[in-house]
Each structure stands twice: as C-alpha cells, then as structure tokens.
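Below are the chains, spelled out letter by letter.
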Amino acid sequence: MSSSPDAASLPPGLVLPVRCGPGGPSRKAARGPHWRRTSHGFYVPASVTDDDVRQRIVEASVLVPPGGAITGWAALCWRGGRWFDGRTASGKRLPITIVSGTRDIRGQPGMRPSGEGLDPRRVQGVDGILVTDACFAVSFEMRYAASDRAAVVVLDMAAYSDLVSVDEMATYLATQSGWTGVPRARRALALADENSWSPPEVDLRLVWSGPGGRPRPVCNRPVFDLRTGAHIGTPDVIDPVAGVAGEYDGDLHLVRSQRDHDLRREGAFRGRDIETVTMTAPDRHDPSAFLQRLDTAYRHAAQHPVDERTWTLEQPPWWTPSHTVAHRRAMTERQRRRFLGHRAA
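First, a word on what this report is: a plain description of the structure on this page.

Rules and cut-offs
Residues numbered from 1 in each chain as written. Predicted model: local features only at pLDDT ≥ 70, side-chain atom pairs only at ≥ 80, totals over all residues. Heavy atoms only, no water. Pairing = 2+ DSSP bridges. Helix = DSSP H or I, 4+ residues; strand = E, 2+ residues; numbered from the N terminus. Contact = heavy atoms within 4.5 Å. Axes fitted to C-alpha atoms, helices over the stretch in contact; angles between N-to-C directions. Polar contact = N/O pair within 3.5 Å; in protein donor to acceptor, adjacent residues only side chain to side chain. Salt bridge = Lys/Arg side-chain N within 4 Å of Asp/Glu carboxyl O. Buried < 20%, exposed > 50% of the residue type's maximum accessible area, 1.4 Å probe, protein only. Lys, Arg positive; Asp, Glu negative; His and termini not counted. Arc of directions from axis to C-beta.

**Overview of the sheet that holds strand E10 (residues 231–233)**
Taken in spatial order, the three strands of this open sheet run E10-E9-E14, and their pairing is antiparallel. On the outer flanks of this sheet lie E10 and strand E14 (311–312), each paired with one strand and no other. As defined by bridge partners, strand E9 (residues 223–225) adjoins E10 across two bridges and the pair is classed as antiparallel. Residue Val-223 lies in a different strand from E10, and its bridge partner there is Gly-233.

Have a look at this one:
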C-alpha cells in the first residue's frame with residue numbers, strides 16, 4: 001500500500017500540499033505571498049487555510065513514511081468521529097500523531113511522531129490518506145490520555161460515532177499487554193458506555209458513581225408510560241432502581257427554547273415521581289454542590305413506593321432501540337437520520 005496520499009480521493013474542498021517543482025511552485029514563488037508552507041518542503045496556495053481540522057490532517061498526511069499512518073484523534077476525526085476536533089477543552093490545538101513503527105521521522109510543528117509497533121493490517125486507506133483502524137486509534141488515545149476520565153471520554157465518544165464498540169476494544173486491548181498505558185486503558189474500559197452523547201455527560205456519569213458513591217446509571221435510556229407505552233422523555237442518565245434521573249445543562253440549555261423544553265421534560269419526570277438532578281458546567285470542576293443535590297434527590301426518591309410506579313424503561317414493540325453500537329450499526333441511513341438526528345442537538 002503506497003504511503004502517498006491520493007489527491008483525487010480527498011473530500012471536496014481539501015488541498016494536498018505539494019513540493020516545489022512540476023505541479024507546485026518554484027522555489028522563488030514558494031517564498032512569496034501566494035504560497036503557505038505546511039511543513040518542511042511542502043506548500044499549499046496561501047488562500048488555503050488550516051482552520052478546517054480535516055485540512056490539517058491532509059497537510060500532515062504527506063509526512064507519513066512507508067509503513068506508517070495517521071493515528072489517535074486525527075484518525076478518528078478522519079473516520080467521522082464527531083467529537084474529535086483536534087483541540088483541548090481550552091481550544092489549544094492538539095498535534096497530529098504519525099505512527100511509523102520506527103523513529104525515523106522528525107517532529108514538525110503540529111505533528112508528533114510515534115515509534116510504536118504498527119501491524120500493517122491495522123493501516124487502511126480512507127478518503128485518500130492512510131490512517132490506522134479505529135481500534136488502534138482509540139487504544140492510542142486512551143493509553144496516552146492524561147487521566148482515566150479522559151480515557152473514558154475517548155472510548156465513549158468513539159462509540160458515539162459507532163467507530164468502535166466496548167467489546168471490540170476489550171478484545172483489542174487484550175492483545176496489548178505490556179504496551180504503554182494499557183493499565184489506564186483497561187481501567188477506562190470498565191467505566192465506558194456506548195450511549196453517552198457528549199463529554200459532559202461522561203463527567204455526569206463518572207461523578208455520579210465515583211465521588212457520588214451511587215450505582216452506575218444508564219445513559220440516554222427512554223422512559224415510557226407503564227400503561228400506554230407512550231414516550232415520556234429521555235434523560236441523560238437514570239438510575240432505574242432508585243428512580244433518579246440526571247441531566248447536564250450546558251450553554252445550549254440557557255437558550256430560551258431549549259430551557260423551556262428542559263423544564264417541560266423535568267416536569268414530566270417529576271409528575272411520574274422520578275427525581276431529577278442537574279449538573280452545570282461549574283460542577284464539572286468542583287462537583288461538591290452537585291453531590292449534595294444528588295444526595296437530596298436520592299432521599300426524595302426513596303419516599304416513592306416502587307410498586308406504585310407508572311413508568312418503565314422497558315421498550316414497547318414499536319420503539320427502535322439505539323442504545324448500543326450494534327443497534328446503531330444495524331440501522332439504514334434513513335433510520336439513522338430519523339432516530340439519531342436528535343443527538344446532534
């Protein structure tokens with residue numbers, strides 16, 4: 001498999017860097033205002049910016065040596081991972097990792113070389129460039145994550161885009177004993193969920209069952225009327241035994257239309273004796289106030305007799321399940337637009 005990117009196969013609007021000479025600028029022109037250097041010896045027209053993360057990935061792809069590939073977050077982004085945008089929470093750009101199995105490539109601004117062993121069978125050509133398969137890319141990001149929490153976010157968000165399942169990652173990590181960071185990745189694997197819809201929801205779940213000391217809730221499971229089967233709502237997380245639901249309210253939830261929707265849904269849950277607790281952005285950094293609210297919700301929920309519940313998580317026959325990677329992969333494109341489109345909101 002050639003390591004050279006295929007310009008003809010790139011998505012529309014992306015531009016492959018070229019060297020000076022035939023098909024590219026002269027050395028003199030390259031030093032002028034009409035060309036931008038992307039890396040040592042490679043150029044694109046100055047009108048091409050790297051604001052689009054995919055353009056950044058294309059620009060790094062020309063540095064991939066024979067037997068190498070782009071991996072980590074950039075490979076997941078290229079494969080369609082919505083939450084892998086190449087930036088930290090503060091907006092700082094992350095370097096693009098090129099794994100080659102050796103250390104015979106030098107680092108350049110915005111690129112990080114890796115000499116980890118790379119099985120050629122893990123390299124695939126996707127839309128014109130070479131990337132590692134999703135399991136290798138997720139494993140790499142999990143193993144080098146700064147914390148167990150960050151590693152869980154990687155796996156959850158890869159599963160969100162159906163790039164990997166938890167079982168697939170368990171099987172793959174079982175083959176990586178002795179690799180850097182595998183203990184962290186395996187700890188995160190045990191905490192992962194295939195139906196988290198955003199990184200803040202991951203924090204909500206981990207605080208709930210970690211510092212909160214409560215049973216692990218399930219994520220984004222629809223709640224139905226026990227008698228009619230009507231859909232009541234889908235909380236971010238819910239403990240179906242205790243009858244406590246949790247929501248994360250970010251900036252989007254401050255928009256009036258969204259806030260009105262949230263209040264109506266919260267009212268519907270409370271009307272069914274489901275206690276609700278909300279995590280806000282500050283709670284992610286200091287969860288002490290949230291943990292107090294969580295304890296209060298559990299105390300109130302304990303006052304509602306279980307045998308008088310009018311709700312259930314059991315899905316009626318007409319409902320199309322979507323809470324696992326397997327369920328979502330089995331959907332047609334039309335079904336995905338219909339049943340998964342709301343997640344983007």
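On we go.
**Here's the deal with the sheet that holds strand E11 (residues 237–239)**
Pairing is mixed across the open sheet formed by four strands, whose spatial order is E8-E11-E12-E13. Two strands close off the open sheet at either side, each with one partner strand: strand E8 (218–219) and strand E13 (275–280). By the bridge criterion, six bridges tie strand E12 (residues 244–249) to E13 in an arrangement that is parallel. Counted as the bridge partner of Gly-246 is Val-277 from E13. Relative to E12, helix H8 (residues 199–209) is tilted by about 140 degrees, and along the sheet it contacts E8, E11, E12 and E13. Those strands touched by helix H11 (residues 288–301) are E11, E12 and E13, and its axis lies near 175 degrees from that of E13.

**Overview of the environment of Arg-112**
With respect to the element layout, Arg-112 can be found in strand E5 (residues 111–114). Along the primary structure Arg-112 and Arg-265 are separated by 153 residues, whereas in three dimensions their C-alpha atoms are 46 Å apart. With residues up to four places along the chain from it excluded, the contact list for Arg-112 reads Pro-95, Ile-96, Thr-97, Ile-98 and Phe-140. Among the polar contacts made by the side chain of Arg-112, one reaches the side chain of Thr-97 at a distance of 2.8 Å.

**Topic: the pattern of salt bridges**
Throughout the structure, instances matching the rule amount to 20 salt bridges. For Glu-275, the salt bridge identified is with Arg-270, shortest N-O distance 3.2 Å. Look at Glu-275 and you get buried, because its relative accessible area is 11%. When its relative accessible area of 38% is taken as the criterion, Arg-270 is described as partly exposed. Ionic contacts of the salt-bridge type, sharing partners, join the residues Asp-148, Arg-184 and Arg-187 into one network.

**Some remarks on the side chain of Asp-239**
Along the polypeptide, Asp-239 turns up in strand E11. Of the side chains with opposite charge, Arg-309 comes closest to the buried, unpaired Asp-239, at an N-O distance of 7.0 Å. A polar contact is formed between the side chain of Asp-239 and the backbone nitrogen of Val-241, at a distance of 3.0 Å. Filtering out sequence-adjacent residues up to four positions away, Asp-239 remains in contact with Trp-208, Pro-215, Pro-217, Val-244 and Tyr-298.

**Focus: the pairing of strand E2 (residues 42–45)**
Here strand E1 (residues 35–39) pairs with E2 via four bridges, running antiparallel. Counted as the bridge partner of Arg-36 is Val-44 from E2.

**Points about unusual backbone geometry**
In this structure, Asp-162 is a non-glycine residue whose phi angle is positive, near 60 degrees. Position of Asp-162 among the secondary structure elements: in the loop between helix H5 (148–160) and helix H6 (166–173). We note that Asp-273 has phi near 65 degrees; this positive angle belongs to a residue other than glycine. Structurally, Asp-273 is set in the loop between helix H9 (256–270) and E13.

**Points about helix H7 (residues 182–191)**
Those residues of H7 that sit buried are Val-182, Ala-185, Ala-188 and Leu-189. Summarising the axial view, the buried residues of H7 lie within an arc of 120 degrees, below the 170-degree limit, and thus occupy one face. Residues Pro-183 and Ala-190 are exposed on H7 and point more than 90 degrees away from its buried face. Buried residues along H7 sit in contact with helix H4 (134–143), H5 and H6.

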